[in-house]
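# Report on the structure
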Amino acid sequence: MTHVIVLGNEKGGSGKSTAAMHVIVALLKSGHKVAAIDLDMRQRSLSRYLENRKKFAETKGKVLPFPVMPEVLPSTIDSREAAREEETRNLTSALQGLADCDFVVIDCPGADTHLSRLAHAHADTIVTPLNDSFVDFDLLARLDSETGQLMGPSLYSEMVWNARKRRAMAGIPGGIDWVVMRNRLSATQARNKAEMGRKLEDLSSRIGFRLARGFGDRVIYRELFPMGLTLLDLGGPDAPVKLSTMSHVTARLEIRSLIAILKLPQRDQREAA
Ligand SMILES: Nc1ncnc2c1ncn2[C@@H]1O[C@H](COP(=O)(O)OP(=O)(O)OP(=O)(O)O)[C@@H](O)[C@H]1O
Ligand SMILES: [Mg+2]
């Protein structure tokens, strides 16, 4: 009954870990039992974010919600085949151990790894943050350089396609719901923004994803990391940091709008299933 949400995009720095942390805290705050798996064991951004949160809660004497966090380490075995088998076992048994969680949120590295592919094949929902740039768009689909026409899917879309195929072949009911989320939307650059919007709309129906409105480019996302906080931790009477500007309030609405568009199953729906 556990719903698996994978934050993925082979493009580095697109906002996976930032979005993962906000999704985790949103789900915790709505009373769900949540597990977080960081598959980027080199950068460990999500793990570091949660370590900062723990330190903040301890030093400031604040009560903050936390996810369960099992470690799934990459294999150190030399043989590629044996390493893959070990990683498959590690991730599968970690997921089996989280059967009592409502949600498992998996943050993938910005690279094509065996563990990342495996996580995608376990996903009920994939969230792909995408910087508003045609350099990042290139990992989803190729555009004809002269006409700007869509030529066909590219590396990351093919990976999601394969994950969908693997899931169907394994007989797991329900497909993978794929949501692409534009990130770091600029308040200026209107032409690029509109052109990206048109191309993404066009692509979404062709390769089967839904489009979320996304997050604006806001310095608050970077400022919150050292405290381990998210926008959803701010603003209440007991909040460690106040929501001080219109930009913060708008950013919080962006997070809520992402959660709404994910259309995640409610607890009673999961129990009925
Ligand atoms: N909406 C935003 N506005 C401003 N800065 C942002 C926003 N989203 C993310 N960032 C910043 O962009 C950088 C990359 O974000 P993040 O680490 O979440 O990306 P990632 O996809 O997880 O990267 P990687 O592929 O390296 O794991 C970080 O410095 C983060 O603070
Ligand atoms: Mg990351």
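Preceding this paragraph is the structure being described.
Residues numbered from 1 in each chain as written. Chains lettered and ligands numbered in written order. Predicted model: local features only at pLDDT ≥ 70, side-chain atom pairs only at ≥ 80, totals over all residues.

### Side note on the nonpolar core
Counting residues in each nonpolar core, the largest one holds 59 residues, and the members touching the most others are Val6, Ile24, Val34, Val104, Val105, Ile106 and Ala119. Counting residues per element, this core draws most heavily on helix H1 (residues 16–29), which supplies 9 residues. When near neighbours in sequence (up to four residues on either side) are disregarded, Ile106 contacts Val4, Val6, Leu7, Ile37, Leu39 and Ala119. (Core = buried A, V, L, I, M, F, W, Y, C linked by C-beta atoms within 7 Å. Buried ≥ 20, exposed ≤ 12 C-beta atoms within 10 Å, placed from the backbone. Helix = DSSP H or I, 4+ residues; strand = E, 2+ residues; numbered from the N terminus. Contact = placed C-beta atoms within 7 Å.)

### Brief notes about the environment of Phe66
For Phe66, the position within the fold is in the loop between helix H2 (45–60) and helix H3 (80–96). Separated by 32 residues in sequence, Phe66 and Val34 place their C-alpha atoms 8.1 Å apart.

### Re the site of ligand 1
Lining the immediate surroundings of ligand 1 are 20 residues, of which Gly12, Lys16, Ser17, Thr18 and Gly110 lie closest. Of all the secondary-structure elements, those providing two or more residues to the shell around ligand 1 are H1 and helix H8 (220–223). In terms of residue count, the dominant contributor to the shell around ligand 1 is H1 (3 residues). When the residues that make up the shell around ligand 1 are grouped by side-chain class, the tally is 4 nonpolar, 10 polar and 6 charged. (Near = placed C-beta within 6 Å. Nonpolar A, V, L, I, M, F, W, Y, C, P; charged D, E, K, R; others polar.)

### Side note on H1
Since one α-helical turn is 3.6 residues long, residues separated by three or four positions face the same way. A rise of 1.5 Å per residue sets the reference length of H1, with its 14 residues, at 20 Å; its end C-alpha atoms lie 20 Å apart and thus fit the reference within 8%. Counting buried positions over the 14 residues of H1 gives 13, a clear majority of the element. At the C-terminal side of H1, Gly31 shows a positive phi close to 90°. (Expected span 1.5 Å × (residues − 1).)

### A short note on the pairing of strand S3 (residues 103–107)
Of all 5 residues in S3, 5 are buried; the element is thus mostly enclosed. Covered by surrounding structure in S3 are Phe103, Val105 and Asp107 together with Val104 and Ile106, the residues of both alternating faces. In this structure, strand S1 (residues 3–7) lies alongside S3, joined through 5 bridges in parallel fashion. By the bridge assignment, Val4 is partnered in S3 with Val104. (Pairing = 2+ DSSP bridges.)

These results come straight from atomic positions and should not be treated as a statement about function.
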